[in-house]
Amino acid sequence: MKIQELLPIGTVVLLKNAEKRVMIFGIKQTSTDGKEEEYDYIGVMYPEGYMGGEYQFLFNHEDIGTIVYTGYEDDERKDFINRLSQYYKDV
């Protein structure tokens, strides 16, 4: 997936085969389970929010079944996405 297509923080999604919605609170995250795999997003249950590390979910864009609500976007986010896109192009 292209960096420019990443959903903004605050986006609420329903993952495929899930019953509970998730709110994205981070993008391009690396797992800390020793595998150091990279994921498109990290999210927490919606509407509960953060309830501890065991209730955070790493997932990729293709895991999303439905976008329920799209989060906030402004010039600062656009600049961040452009810098992130440049970083991944250079890596």
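The shown structure was predicted, so the numbers you read here are calculated from the model rather than taken from an experiment. (Residues numbered from 1 in each chain as written. Predicted model: local features only at pLDDT ≥ 70, side-chain atom pairs only at ≥ 80, totals over all residues. Heavy atoms only, no water.)

K.L.:
Sorry if this is basic, but what is going on with the pairing of strand β2 (residues 22-30) here?
P.N.:
Two faces make up the sheet, and in a regular strand the side chains alternate between them. Pairing between strand β1 (residues 12-15) and β2: two bridges, direction antiparallel. Paired with V13 across the two strands is V22, which belongs to β2. Strand direction decides the pairing type here: β2 and strand β3 (residues 38-45), joined by seven bridges, are antiparallel. When the sheet's bridge partners are listed, I27 is paired in β3 with Y41. (Pairing = 2+ DSSP bridges. Helix = DSSP H or I, 4+ residues; strand = E, 2+ residues; numbered from the N terminus.)

K.L.:
How do you make sense of the pattern of salt bridges when you look at a structure like this?
P.N.:
For side chains of opposite charge, pairing can occur when their charged atoms come near one another. A full pass over the atoms with the stated rule returns five salt bridges. One salt bridge in this structure joins D79 and R83, with 3.1 Å as the shortest N-O distance. Separated by four residues within a single helix, D79 and R83 lie in helix α1 (residues 75-90), roughly one turn from each other. Taking relative accessible area as the criterion, D79 reaches 40% and is therefore assigned partly exposed. Residues joined in a network through salt bridges with shared partners are K28, E38 and D40. (Salt bridge = Lys/Arg side-chain N within 4 Å of Asp/Glu carboxyl O. Buried < 20%, exposed > 50% of the residue type's maximum accessible area, 1.4 Å probe, protein only.)

K.L.:
When you look at the packing of aromatic side chains in this model, what are you seeing that I'm missing?
P.N.:
For any pair of aromatic rings, geometry is given as the distance between the ring centres together with the angle between the planes. Counted by the stated rule, this structure contains two aromatic pairs. Aromatic side chains Y41 and F59 sit 5.4 Å apart centroid to centroid with 35° between the ring planes, which places their arrangement in the tilted category. Here Y41 is found in strand β3, whereas its partner F59 is found in strand β4 (residues 56-59), with 18 residues between them in sequence. As far as burial versus exposure is concerned, Y41 and F59 are alike and both buried. Taken together, a centroid distance of 5.2 Å and an interplanar angle of 90° make the contact between Y87 and Y88 edge-to-face. With a relative accessible area of 26%, Y88 lands in the partly exposed category. Positioned over the ring face of Y88 is K28, at 5.0 Å from the centre of the ring. (Phe/Tyr/Trp six-rings, centres within 6.5 Å; stacked < 30°, edge-to-face > 60°. Lys NZ or Arg CZ within 6 Å of the ring centre and 35° of its normal.)

K.L.:
Honestly, a nonpolar patch on the surface in this entry has me stumped. Any pointers?
P.N.:
Side chains of M51, Y55 and F57 sit close together on the surface and give an oily, nonpolar patch of about 250 Å² of accessible area. As for its placement among the helices and strands, M51 is situated in the loop between β3 and β4. Take M51: its relative accessible area is 38%, and that puts it in the partly exposed class. (Patch = residues over 30% accessible without salt bridge, like charges linked within 9 Å, V, L, I, M, F, W, Y side chains within 5 Å. Areas by Shrake-Rupley, 256 points an atom, 1.4 Å probe, with all protein chains shown as cover.)

K.L.:
Is there a simple way to explain the sheet that holds β3 in this structure?
P.N.:
The strands making up a sheet associate through backbone hydrogen bonding, with each pair oriented either parallel or antiparallel. The sheet built from five strands is open, its strands ordered β4-β3-β2-β1-β5 with antiparallel pairing. Edge positions in the open sheet fall to β4 and β5 (64-69), since each of these has one partner strand only. Here the strands of the sheet are splayed against their neighbours by 40° on average, with no regard to which way each runs. One ladder, built from four bridges, connects β1 with β5; its direction is antiparallel. Each residue of the ladder has a partner; that of V12, found in β5, is Y69. (Axes fitted to C-alpha atoms, helices over the stretch in contact; angles between N-to-C directions.)

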